[in-house]
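# What the coordinates show
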Amino acid sequence: MLYTDKTYDSQKRLTNWVRTGKESGVPGATSNGLKQYRRLFRNNINNSLSQAYPISFEVLSDEEWSTLVDEFFEKHDAKTPHIWKLPFEFYQFVKANNFSEKFNYPFLNDLVHFEWLEIEVYTMPNEYPQPYVKSGDILNNVLEVNPEYRLTQLEYPVHMYAAKESVNHKGDYFLLTYREPKTFDVKFMNLDPLHVLFFEKVANENLTANQIIDFIIDQNNSIPRDKLTKSIIGFLETMIKEKVFLGYAENYLN
Amino acid sequence: MEKKIKKTTILTGTVIAGALLTFSVNADARPSTQALGNGAELRTEIIDLNVVSSSAKLYELECGEKSGTATKKAEAKPDAKKAKTSEAKCGEGKCGESGKKADAKKDTKDAKAAKTEKKEKTSEAKCGEGKCGAE
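Residues numbered from 1 in each chain as written. Chains lettered and ligands numbered in written order. Predicted model: local features only at pLDDT ≥ 70, side-chain atom pairs only at ≥ 80, totals over all residues. Heavy atoms only, no water.

Bringing the overall build of chain B into the picture now. When its secondary structure is counted, chain B shows five helices and one strand. Helices and strands appear in chain B in the N-to-C order α-β-α-α-α-α. When each of the 135 residues of chain B is scored for burial, the buried share is 36%. Sequence separation of 24 or more characterises 52% of the internal contacts of chain B that already satisfy a separation of 6 or more. Of the roughly 8200 Å² of accessible surface on chain B, 55% is carried by carbon and sulfur atoms. (Helix = DSSP H or I, 4+ residues; strand = E, 2+ residues; numbered from the N terminus. Buried < 20%, exposed > 50% of the residue type's maximum accessible area, 1.4 Å probe, protein only. Contact = heavy atoms within 4.5 Å. Areas by Shrake-Rupley, 256 points an atom, 1.4 Å probe, with all protein chains shown as cover.)

Here it is in structure tokens:
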């Protein structure tokens, strides 16, 4: 059933009041009642966001956090009707509105991104690996990658340092966020750029470790093969132990 | 059967070149790859780091002009932190695991108690937790 124009107008006025706190002339409402409405809604949003972004909540001053929440509540037209999905829109809002510059926290975008990643990976739809076996030749068989991951580049290492300290360590950081099969635990790894190259070659091109080592030495022949191989074996063992690599792809076994 | 190629690279040529050069110059250097643990562990650790750094700042302030607010906040933060770190993040505890839900609820209660102390942010009564309408 369609609203009458009058109902629609009243509803618009009410939502305007709730979101902005500015007098909106809601017909038939008492100012005390209206205050409660705004308080209840605002608290809901604040609770949802502070639980989704506990580190940002800790790092920002009370005033800065309130500014973020208030501006988000007032200016952002949420696309989702689900409150638990709002944190993603909050992340986008913080980025799009340059709060990192406004607050002079260069790390802020990376921080909210990092915090969002945990939720994103935790709630991502199931993805299933190709058939794999547990034993194989670590250098000559194709590894099966756990498909439930996100690989992200960060400028500030907010995953390893206190946020404000991370400003002193600006650089290229690669964060692997993945969901462990069976436990559904979300885990994080900081990856060395060389290992990112390696990881992507395995994940995207289904190459064996030896093929990737050949590729790397082709790119830079001053790299000692024995040391590279040793380093890569250590990396692969860690990735297998951490369940980023699940085993050896059955489709590629001879 | 071939696996399909589905993800694009995030590495730029410069980063690759830099990584290869670094390795060629110092192949014995320990790579920066490091398992950081699960979300809860890492969050706790990072919040601890941030609390240490922010507490230090607050105590510095205390030595200066206005000590009242700084002391209050410094005292309140550890509790608030404890509650927040144990809290389930949004989207968690929705998978039919009753134990997890119970824990999350318990934690929310802890969080409520702790957050009351953090008056600037959450001085108002909680909403959406069965208290609607209550002052």
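So, next bit.
This next bit is on the sheet that holds strand 5 (residues 186–191) of chain A. Read from one edge to the other, the open sheet built from four strands follows the order 3(A)-4(A)-5(A)-1(B), with strand pairing classed as antiparallel. Looking at which strands have only one partner, the edges of the open sheet turn out to be strand 3 (149–154) of chain A together with strand 1 (34–38) of chain B. Each adjacent strand pair in this sheet contributes to an overall mean axis angle of 20°, direction not counted. Two elements, strand 5 of chain A and strand 1 of chain B, share four bridges in a ladder whose sense is antiparallel. Residue pairing in the sheet places A:Asn190 in a bridge with B:Gln34 of strand 1 of chain B. (Pairing = 2+ DSSP bridges. Axes fitted to C-alpha atoms, helices over the stretch in contact; angles between N-to-C directions.)

The subject of this paragraph is the packing of helix 1 (residues 5–20) of chain A against helix 4 (residues 62–75) of chain A. All names here are of chain A. Packing of helix 1 against helix 4 leaves a shortest axis separation of 8 Å and a crossing angle of 165°. For the element pair helix 1 / helix 4, the angle class is roughly antiparallel. Between helix 1 and helix 4 lies a crossing of left-handed hand. Packed against helix 1, whose contacting residues are Val-18, Arg-19 and Thr-20, the element helix 4 presents Phe-73, Glu-74 and Lys-75 at the interface. For the contact of helix 1 with helix 4, the residue count by class is two nonpolar, one polar and three charged. (Parallel < 35°, antiparallel > 145°, perpendicular 65-115°, else oblique. Left-handed = near helix turned anticlockwise from the far one by under 90°. Nonpolar A, V, L, I, M, F, W, Y, C, P; charged D, E, K, R; others polar.)

Turning to the pairing of strand 4 (residues 173–179) of chain A, a few remarks are in order. All names here are of chain A. For strand 4, the buried fraction is high: seven of the seven residues fall into the buried class. Burial along strand 4 is two-sided: Tyr-173, Leu-175, Thr-177 and Arg-179 facing one way and Phe-174, Leu-176 and Tyr-178 facing the other are all buried. As defined by bridge partners, strand 3 adjoins strand 4 across six bridges and the pair is classed as antiparallel. If you follow Thr-152 over to strand 4, its bridge partner there is Leu-175. Two strands pair when backbone bridges link them, and strand 4 and strand 5 are joined in this way by six bridges, in the antiparallel orientation. Bridge pairing in strand 5 links Arg-179 to Val-186. The antiparallel hairpin formed by strand 4 and strand 5 contains six residues in its connecting segment, where Lys-182 sits at a positive phi of about 75°.

Turning our attention to the nonpolar core. Residue and element names in this part refer to chain A. Counting 49 residues, the largest nonpolar core has Tyr-53, Trp-65, Phe-90, Phe-107, Leu-111 and Phe-114 as the members making the most contacts within it. Lining this core are residues from two domains, each supplying at least three of them: domain 1 (5–105) and domain 2 (132–252). By size, the runner-up hydrophobic cluster in this structure holds 37 residues, among which are Ile-212, Ile-213, Leu-228 and Tyr-248. (Core = buried A, V, L, I, M, F, W, Y, C linked by side-chain atoms within 4.5 Å. Domains from an automatic or database assignment.)

Splitting chain A by domain gives domain 1 (5–105) and domain 2 (132–252). Relative placement of domain 1 of chain A and domain 2 of chain A: their C-alpha centres are 40 Å apart.

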